[in-house]
Structures are given as structure tokens and as C-alpha cells.
Amino acid sequence: MRALIQRVSQASVSVEGETVGGIGTGLLALVGVTATDDRARADRLLHKLLHYRVFADDTGRMNRNLQQIDGGLLLVSQFTLVAATDKGLRPSFSSAAPPAHGQAMFDYLVAQALQAWPRVETGRFGAEMQVALINDGPVTFMLET
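Residues numbered from 1 in each chain as written. Predicted model: local features only at pLDDT ≥ 70, side-chain atom pairs only at ≥ 80, totals over all residues. Heavy atoms only, no water.

(A) Inspection of the pairing of strand β6 (residues 72-77) at higher detail. Most of β6 sits inside the fold, with six of its six residues counted as buried. What you see with β6 is no split at all: G72, L74 and V76 on one side and L73, L75 and S77 on the other are buried throughout. Sheet topology note: the strand β3 (residues 26-32)/β6 ladder contains six bridges and is parallel. For V31, the partnering residue across the bridge sits in β6 and is S77. Here β6 pairs with strand β7 (residues 120-122) via three bridges, running parallel. (Buried < 20%, exposed > 50% of the residue type's maximum accessible area, 1.4 Å probe, protein only. Helix = DSSP H or I, 4+ residues; strand = E, 2+ residues; numbered from the N terminus. Pairing = 2+ DSSP bridges.)

Right under this line is the structure:
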């Protein structure tokens, strides 16, 4: 699994003009699933999302994680993150999970996240979504499991 995470002061996701998820300070995670991803990889990704230290401590260093700052986690599925872009001028999605597997893995990640942390919001799998955010920093990292 792959997640592009952004430290945000706020983020939201809308479908057909309706806001379906939103957070204040926290992490926006755009999540891509490959055909070979499984629950173990989803569990490792969730551990990283909750414990990756990208928030400032009292000295301004990135030493605090999402839980330590009591932040929100906005999970948004984005299959384009697993595209191969190393050849040609068009992305290849051959490594992306088929829709049923992608949704199963994303739903599992969301369910596990909701059990582990009370401040989780999501987009809608497979929908055309509009994501709005204020990237704090800017701080952006690619996480892979």
C-alpha cells in the first residue's frame, strides 16, 4: 500500500457538492492499493499513519505523531498513486488493485483506523471526489508498506 500524507491545518472531501469527510489539524492520507496488498500491509500502513512523527514539538522539531497532537486522519482512496510513470507519457495502472480488492483493502484500513483512533474521516471509494486542504508547512511524505 502507498499513502501520500500531508500535514494539514484543515482538509475536507466532497462528493457531488456534499462534504462527506473533514478534519482540522491532522493528516490527509491519499491511499493507493496494489494488486498484491493484503491486511498485513494495511496494518503496517495504519501503524505508520498513527505514529509517523511529522508534527512539531515545543522546540519546533518534527517529534510528535498524530495521536500526540490529538489530530484528525482523513483517508481518501486514490488508485492513481500506484501508477507506473517511469516509461512513456501515459501512466500505467497494471499494478493497481482490481476495484473489488482495492475497496476491500481500503475498507479494512478504514475499519482498523476507526478501532484505533476516534478522529477518522473518509472519502467515498470509487467516487469522483474534490479534496480541499491547507497543507501546513508544507509537509508531504510518501509512505509505503
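Back to the write-up after that little detour.
(B) Just helix α2 (residues 99-116), in detail. Compared with the 26 Å implied by 1.5 Å per residue over 18 residues, the 25 Å span of α2 between its first and last C-alpha is a close match. Taken as a whole, α2 has its buried residues at G102, M105, F106, Y108, L109, V110 and A113. Contacts made by the buried residues of α2 are with β3, α1 (39-51), β6 and β7. (Expected span 1.5 Å × (residues − 1). Contact = heavy atoms within 4.5 Å.)

(C) Highlighting the packing of aromatic side chains. What the rule picks out here adds up to three aromatic pairs. Between the aromatic rings of F79 and F93, the centroid separation amounts to 4.9 Å while the plane-to-plane angle is 50°, which identifies the pairing as tilted. Residue F79 is located in the loop between β6 and α2, and its partner F93 is located in the loop between β6 and α2; the two are separated by 14 residues in the primary sequence. Plain terms: the ring middles of F106 and F125 are 6.2 Å apart, the flat faces sit at 35° to each other, and that makes the pair tilted. Linking F106 in helix α2 with F125 in the loop between β7 and β8 (130-144), this pair joins segments that are 19 residues apart in sequence. Overall, F125 belongs to the partly exposed group, its relative accessible area being 27%. (Phe/Tyr/Trp six-rings, centres within 6.5 Å; stacked < 30°, edge-to-face > 60°.)

(D) Local environment of the pattern of salt bridges. If you walk through the whole model with that rule in mind, you get five salt bridges. Residues R7 and D136 are paired through a salt bridge, measuring 3.4 Å at the closest nitrogen-oxygen approach. Of this pair, R7 sits in strand β1 (residues 2-15) while D136 is found in strand β8, placing the two residues 129 residues apart along the sequence. The exposure class of R7 is buried, given its relative accessible area of 12%. Using a relative accessible area of 35% as the deciding quantity, one classes D136 as partly exposed. Here R119 ties to D70 by a salt bridge, and the two come within 3.3 Å at their closest N and O atoms. Of the two residues, R119 sits in the loop between α2 and β7 while D70 sits in the loop between β5 (62-64) and β6, which places them 49 residues apart along the sequence. (Salt bridge = Lys/Arg side-chain N within 4 Å of Asp/Glu carboxyl O.)

Keep in mind these values describe shape, not function.
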